[in-house]
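# Tertiary structure, described
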Amino acid sequence: MSHVVPTSRSGERGGSSAPGTPLPLTFTIVLSVVLVGVTVFGLLVDGAYRVSPGVRQDLAQTMRGQDLLTLLSVPVLVWTARRALAGSLAAHLVWLGLLLYYAYSFVIYAFAPFNDAFLAYTLIITMSGYGFLNGLVRLEMRTTATALADVPGHGLGIFLLVVAGLFLVIWLAMIVPAIPGGLPAGRVTYDIASPVHVLDLSVMLPLVAGTGWMLLRRHPAGAALGVVLLCKILTLGLAMLFMSVAFVDVGNPGELALWVAVIAVAGTMLVTTLRRVSTPVGPWLRRSFWC
């Protein structure tokens, strides 16, 4: 699972450029400090999440559930950043999955009722979004594909397609009946579209489905993206479980059972996949976006 990134030039003219390294550990530490600050604020400060007329009355409780999961994930973020800098491709992919989870989650926080941590939310979105794109676009996908050759790509591809299809059906079942003048269930505020619906239907579900299809077609980038999305799905599933159980009544047993199933399958597949990541032959990260 570990590989020391070479520091010398590895390619001849026309070959690969000098290998790069992940972002400095300072980047992750700064992001971690901000994450700890906003989650502690949400967990401990009375009135951190303002509830006004037209807003779901359980909003503050559910967001505190996600705060707790995010706080618990920060040590994993720092550990994977250190391992990635030591040369671990597997740790780098998990780090990317956590950054994607933070970017996704804090866009939702930013569009919830305004609170005193708003500027910190935008900073988290900026840093995690940049870190995710930087660490993903610079991957040498053919080298990465070789290191991930033993990943169960067919099973992972089917799982991602099932998850994308399942949540597409769930969200459309809420949205479509409301289109003739109604309002979808599960909205955060009375007359504003759910940011979850917007993000999932426009970005996340197409990405998950596209990655599943890439895995079935054995595209070189499919396995790396699949590991990243597995981590994001697992983290989001755990956050939903924390929201449902730790701070709020269990509510819909069917929804809770769905998340438990998603967590179990995603967690099992992630552990299995990470164990099958071999040592990359050659540099697996480019120096910049453009080389």
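One structure accompanies this document, and this report is about it. Remember, it's a predicted structure, so these values are computed and weren't measured experimentally.

### Quick word on the nonpolar core
Core analysis: the largest hydrophobic core is formed by 82 residues, its most contacted members being Leu 93, Tyr 102 and Leu 139. Among the elements that make up this core, the one with the highest residue count is helix H3 (residues 89-110) (17 residues). The residues touching Tyr 102, leaving out its near neighbours within four places in the chain, are Leu 35, Thr 70, Ser 73, Val 74, Leu 77, Ile 124 and Ser 128.

### Remarks on empty space enclosed by the protein
All told, the structure shown has one cavity of 30 Å³ or more when counted by the stated rule. Approximately 40 Å³ is the volume found for the largest cavity. Around the largest cavity, the lining residues are Pro 22, Leu 23, Pro 24, Leu 25, Thr 28, Ala 81, Ala 84, Leu 85, His 92 and Trp 95. Elements with a contribution of two residues or more to the lining of the largest cavity: helix H1 (25-44), helix H2 (59-85) and H3. Considering each element in turn, the lining of the largest cavity owes the most residues, three residues, to H2. Per-class residue counts for the lining of the largest cavity are eight nonpolar, two polar and no charged.

### Notes on the layout of surface pockets
Counted as a void, the second largest pocket has a volume near 260 Å³. At the level of elements, helix H6 (153-175) and helix H7 (195-216) are the ones that each hand at least two residues to the lining of the second largest pocket. Tallied by class, the residues present in the lining of the second largest pocket amount to nine nonpolar, three polar and one charged.

### Overview of the packing of H6 against H7
Running from N to C, H6 and H7 point in directions that differ by 155 degrees, and their axes come no closer than 8 Å. If you check the angle between H6 and H7, you find them roughly antiparallel. Here the hand of the crossing between H6 and H7 comes out left-handed. Residue classes in the contact of H6 with H7 are distributed as 18 nonpolar, six polar and one charged.

Rules of the game
Residues numbered from 1 in each chain as written. Predicted model: local features only at pLDDT ≥ 70, side-chain atom pairs only at ≥ 80, totals over all residues. Heavy atoms only, no water. Core = buried A, V, L, I, M, F, W, Y, C linked by side-chain atoms within 4.5 Å. Buried < 20%, exposed > 50% of the residue type's maximum accessible area, 1.4 Å probe, protein only. Helix = DSSP H or I, 4+ residues; strand = E, 2+ residues; numbered from the N terminus. Contact = heavy atoms within 4.5 Å. 1 Å grid on protein atoms, 1.4 Å probe; cavity = no way out; pocket = protein on both sides within 12 Å on 5 of 7 lines; lining within 4 Å. Points joined across faces, edges and corners; volume = space filled by probe spheres on them. Nonpolar A, V, L, I, M, F, W, Y, C, P; charged D, E, K, R; others polar. Axes fitted to C-alpha atoms, helices over the stretch in contact; angles between N-to-C directions. Parallel < 35°, antiparallel > 145°, perpendicular 65-115°, else oblique. Left-handed = near helix turned anticlockwise from the far one by under 90°.

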